[in-house]
Amino acid sequence: MATLQDRFNINSQLEHLQAKYIGTGHADLSRFEWAVNIHRDSYASYIGHHPILSYFALAENESIGRVKYSMTQKMLLPCGVPPEKEEEI
Amino acid sequence: MDEREQAVRSKMQSYTAPKSVTGDLPTEDGEDESGFKRPGRITDREDDYRRRRLQRMLSPSRNDAFAMGDKTPDSSVRTYADVMRDQQLARERDNTMQNIADKLRKEEEERELDARPTKASGVQLPPPPAQLPPPAAKSAASGEKRRNRWDQSNGNADTKKARVLEWDAPEATPAVARWDATPARPDEFGATPGRAASRWDATPTPGRTGTEATPRRNRWDDATPTPGRVDPGATPGWAPGETPAVGATPAGKRGRSRWDETPVGVGMGGGATPMMGQTPMMGMTPAMTPMGGMDMPTPSPSSLPKVPLTAEQYQTMRMEREIEERNRFLSDEELDSMLPTEGYKVLEPPAGYAPIRTPARKLMGTPTPIGGTPLYHVPEEEHGQTFDVPTQLEGLPELKPEDHQYFGKLLKEVEDEQLTVEEMKERKIMKLLLKVKNGTPPQRKSALRQLTDKAREFGAGPLFNQILPLLMSPTLEDQERHLLVKVIDRILYKLDELVRPFVHKILVVIEPLLIDEDYYARVEGREIIANLSKAAGLATMIAAMRPDIDNIDEYVRNTTARAFSVVASALGIPALLPFLKAVCQSKKSWQARHTGIKIVQQIAILMGCAVLPHLKSMVDIIKHGLTDDNQKVKTITALTVSALAEAASPYGIESFDDVLEPLWKGIRLLRGKVLAAFLKAIGCIIPLMDAMYASYYTKEVMVVLVREFQTPDEEMKKIVLKVVQQCVATEGVEPTYVRAEILPEFFRSFWVRRMALDRRNYRALVETTVELANKVGCADILGRIVEDLKDESEPYRRMVMETIDKVVRDLGTADVDARLEELLIDGILYAFQEQVSDDANVMLNGFGTVVNSLKMRAKPYLPQICGTIKWRLNNKSAKIRQQAADLIARIAVVMKACDEEKLLGHLGVVLYEYLGEEYPEVLGSILGALKSIVNVIGMTKMTPPIKDLLPRLTPILKNRHEKVQENCIDLVGRIADRGAEFVPAREWMRICFELLEMLKAHKKGIRRATVNTFGYIAKAIGPQDVLVTLLNNLKVQERQNRVCTTVAIAIVAETCSPFTVLPALMNEYKVPELNVQNGVLKALSFLFEYIGEMGKDYIYAVSPLLEDALMDRDLVHRQTASSVVQHMALGVAGLGCEDALTHLLNYVWPNIFETSPHVVNAVMGAVDGCRLAIGPAIILNYLLQGLFHPARKVREVYWRLYNSLYIGAQDALVACYPRLENDGINPYARQELEIFI
């Protein structure tokens, strides 16, 4: 991927640095993986912003705790089972 | 003071040490040449003690008891029992030798007494030898017992041979000791216990056979080299203790005994590794004793077929030859050709004249020098042996001359098919090691990886048998050792339990690292031993090191103790405690106890407060050592207690309860070194106690301490000082007690001139005195030493001054009364005036500290001080002038505080007059002094007036000396900042031109001060003129100069508001010149960085310029413009400039595909800046176009940008991700966001 020149320049560490964060992507990321990241980020964000959480709870007629719990659960497999590898290729 | 006295005094000032002494001062030559230490051989920097590592032997590999299971180890393998027996033997041998030596000495003394009968009257004769049962009997007995095959005299070797073979028949189990099997029979050894009878004395190590001319025929001499043994590696150096009679039974005795296996076997491959300590041993036929063999001329290299000399030997010989050649006597023909024929007469030598030629040289001299002139020496052709030509093997790094003995095999051309598997492996390892040792970094890296990966395949034996001898090589360099140690470290991980048989060998090589002077070598050594103990396990480590614990050699015991402490830290202290307990109570030898206790000491030093959980048990293990019979054991025990106390501080006093009593008894009874150690222990324990006990014990110990104040022993002095310091620092000790009991004696014994001469004593004494002052107050101490400021020894005065400096800095001068104050100033003035040495800092600091601490009280003395300063500013010696100026800088603040402005002004005028100073160091100090005066009295009151002062400074700005530049620019900057109005604008412009030159300065501080000064000047006289100067400077070629100019422009813009600068700056962009345009952009970049949110008013103004720059063909234009955008965006984030920034972002965006790293950096920065200013949503929308682009190159760039966006604004992105549709299999939609009430 990276040329020889790239390997020694000042930006060589940038990608390495970025890769340390979960949720960052790369050129070979599939649609599914990206979507999973988006979903997890979204749930984390909803849970972190109480007003949004209470809004969802009101709309679904559930307690806030229940909504929070179900969202945490959904973070496990937010987009279902990953597709077979062949599909990508 | 009469005239004569004054004359003497004035002369005294110029008295210094003679040139010959000062010239001899060690300078760190070589190091300051390039700033890097040149790689040096380790042996060159080692002292004799450390060099003893080379005398250690790599013992044969040992039995791995774990791998054997229940089987009896086969006889060829050395087991723990064997090693222990050898050790025992060595110790007994040592004892015997000691006894013999004692006896001989006694006899000698007796003989002397007998020879002088007059003295015998009233003097009882020592008992005759027959009445000396212990040594004599013991030596006989042990001689008998230890009689074994290497002790037989050489004369009847043949007759003994049969028997030798008999005993050496392979034994069933190694438990049947060969040594003990010797039948008792009358022998020469017992009968003639004299030194000559023993071979040990004559030839302690085989390596030394060469240097000591042994008159006896050595059996090595007899050996006819068998074909198998011609190979240099094949004659390993065995230490005598284990040297078998190889020579006597030349070849074909393979199965004879375990000892003989290796020497006859293949070169380096055998289980035994040769001892490397002595170079000549390698590569020498047994019959040859080259260096010391005085009775035969050294053969020239060519006459020794197939026996390669080591590199050193070869070099030495060549050097010798060359010296001979150059210093040879001139022949008649040569003299004729050199001297003119006329005017000279050839005289006959006197009748009795015989030329003296040094016989040694003659013997050593080569019969005929090879080739004529040594310079053009062409060695005779040799087969398979080259000396000077750097050997280059294909794909391998260069061989150094000293590498030949290890890697020589690689030089031989061999067919792969002819080699056995083992040989192939050996060659492979050799090649890899050579690459690691001498190769380039990539070669080294790949070789290291291969060695690591294939470690188990190669096996531990072949690997270590090659690595370890290399590490013992006397020519090893630091870097090479580091690399080889790294190899060991890596393969340790891979080999794991396979290393067990080699543990001791590895330790022999690694232990010396633990006492290396280089910190990193020590750390490296610790790491290896820690890894080794994890790989081999505790039992193996103990088994390997146990025999060394009571080795007769102190070096071995010392390093072993250190290694054990590392094992303890790696495997945990509790695991080692039972073993340590046993060792420390060993009845067999005091050495074992000593080493055991030393291990505890080393553990304490190594692990620090981590010993706390085990403190009690560790103290219990060693406590009996305090009452041991042996002095050395006592000493080390006391030192260990102090190490433990120091490590545990401030906790754990309860663990030391048991040792307090013996320590107490000890300090009353003991004397000398042991007492010093005991005192040290107590000194370390007292700070752990609570106040009441500490006070009690301090009083107890002080009696002894005070007595020891007078000791002449340096070590004792240091310890006493340290203990006093520790005792006094504890809480419970009362000031009154210290004042009454300690101070008088302390000052009488320690405050003497001699203490100032040794650096370490000096430090210790100053520290202790400061500690005493902390307890009893400043005035007490000052009162005692203040008189000494007038002492005649300068080092002593300096020590007094440093103490006063520290005490006053810590405690102030509140309790100093008027009389003392007077004495103090008087003394300081005297000391200041009398100093002649180079290091003036101590005196200056002391003077400054005292005067500053006295504050208002210093007022009466200021006229006198200023008088002195004025007088000294006029001195002939530059150093004295400099000190005087430096002193002004230090006391200016106090003078202001004492309302001595008139005096200050006067000093200002004096300094002004000295601005013509020619020594730059002095000029720098004078400028510094002026600066401090200007700072305290202000611009308006300054004398000389600023308008006179500044024009005088302008030419000084041209001075290229760093100290002058720095002080001058500081002063000018100060004036420009505070008093610019006193100087006409024309003068400031002139200064501006001078300042441009200063932008070239090497020191960053000067450049920064210069740039700031531009700002002040621009503020003072308006930016236009300054700006013109600066913009013109953008045209210069030098990059650093341009960069500094752009910074200056930006600063001018910041201080005078951007609108005064921007029009001219943007106008300058029209100049069709690359450097100027880039300079303008760079200035804009700094400008927007500095002005921050002020930039929002100027964005629209500079946008067209940036558009142009971002579309320029030149890469640097786009790069710099991008960084302008970045700084601009960061400055105006949240201030409503989104429209302009979006517009600029559109120009920046196409540059994301650039590949030059600096451009990539700048563009990423610009995009990041825009993320902040215009929000992540817009950037995300830009990015969505390319995240799943068919071209990978595009996707890579886009994902990189996405990642930095994501990391910067993860939460905010949730709201703006694209809507995803379910694809029938996976639910992709985020339904929650569709909820609507």
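Residues numbered from 1 in each chain as written. Chains lettered and ligands numbered in written order. Predicted model: local features only at pLDDT ≥ 70, side-chain atom pairs only at ≥ 80, totals over all residues.

- Per an unreviewed UniProt entry, chain B is named ARM repeat-containing protein, and its organism is Coccomyxa subellipsoidea.
- Under the UniProt heading Subcellular location (unreviewed entry), the note attached to chain B is "Nucleus".
- Quoted verbatim from the Sequence similarities (unreviewed entry) field of UniProt, the annotation for chain B is "Belongs to the SF3B1 family." (UniProt positions renumbered as here; feature names shortened; annotations may be inferred.)

- Going by an unreviewed UniProt entry, chain A carries the name Splicing factor subunit and comes from Coccomyxa subellipsoidea.
- We quote the UniProt Sequence similarities (unreviewed entry) comment for chain A here in full: "Belongs to the SF3B5 family."

**Focus on the overall build of chain A**
Right, so step 1: The helix and strand inventory of chain A stands at six helices and zero strands.
Right, so step 2: When each of the 89 residues of chain A is scored for burial, the buried share is 17%.
Right, so step 3: Of the contacts formed within chain A by residues at least 6 apart in sequence, a portion of 49% connects residues at least 24 apart. (Helix = DSSP H or I, 4+ residues; strand = E, 2+ residues; numbered from the N terminus. Buried ≥ 20, exposed ≤ 12 C-beta atoms within 10 Å, placed from the backbone. Contact = placed C-beta atoms within 7 Å.)

**So, the overall build of chain B**
Right, so step 1: Across its full length, chain B holds 62 helices and zero strands.
Right, so step 2: Split into buried and exposed, the 1237 residues of chain B put 38% on the buried side.
Right, so step 3: If you take every contact in chain B between residues at least 6 apart in sequence, the share linking residues at least 24 apart comes to 75%.

**What to know about the interface of chain B and chain A**
Right, so step 1: Taken together, the contacts link 26 residues of chain B with 25 residues of chain A.
Right, so step 2: Along the lines of polarity and charge, the residues of the side of chain B that touches chain A split into 14 nonpolar, five polar and seven charged. (Nonpolar A, V, L, I, M, F, W, Y, C, P; charged D, E, K, R; others polar.)

**A few points about the confidence of the model for chain B**
Residue and element names in this part refer to chain B.
Right, so step 1: Here chain B averages 79 in pLDDT, while 76% of its residues score no lower than 70.
Right, so step 2: Confidence over residues 12-18 falls short of pLDDT 50; this stretch has four contacts with residues more than four positions distant or in other chains.
Right, so step 3: When the criterion is pLDDT under 50, residues 118-308 qualifies, and its contacts beyond four places in sequence or with other chains add up to 244 contacts. (pLDDT = per-residue confidence, 0-100.)

**Examining the packing of helix 21 (residues 421-438) of chain B against helix 22 (residues 441-453) of chain B**
Think of two packed helices as two axes; the pair is described by the angle between the axes and how far apart they sit.
Residues and elements named next belong to chain B.
Right, so step 1: In contact at an axis separation of 8 Å, helix 21 and helix 22 are set at 140 degrees when each is read in the N-to-C sense. Taken together, helix 21 and helix 22 sit at an angle that is classed as oblique. Considering the relative orientation of helix 21 and helix 22, their crossing is left-handed. Contacts from Leu432, Lys435 and Val436 of helix 21 reach helix 22 at Gln443, Arg444, Ala447, Leu448, Gln450 and Leu451.
Right, so step 2: Of the residues that constitute the contact of helix 21 with helix 22, the class distribution is five nonpolar, two polar and two charged. (Axes fitted to C-alpha atoms, helices over the stretch in contact; angles between N-to-C directions. Parallel < 35°, antiparallel > 145°, perpendicular 65-115°, else oblique. Left-handed = near helix turned anticlockwise from the far one by under 90°.)

**Thoughts on the packing of helix 44 (residues 862-873) of chain B against helix 46 (residues 901-913) of chain B**
Residue and element names in this part refer to chain B.
Right, so step 1: Between helix 44 and helix 46, the shortest axis-to-axis distance is 11 Å and the interhelical angle comes to 0 degrees. With respect to helix 46, the axis of helix 44 lies roughly parallel. Contacts between helix 44 and helix 46 involve Leu862, Pro863, Cys866, Lys870 and Leu873 from the first element and Leu903, Leu907 and Val910 from the second.
Right, so step 2: Per-class residue counts for the contact of helix 44 with helix 46 are seven nonpolar, no polar and one charged.

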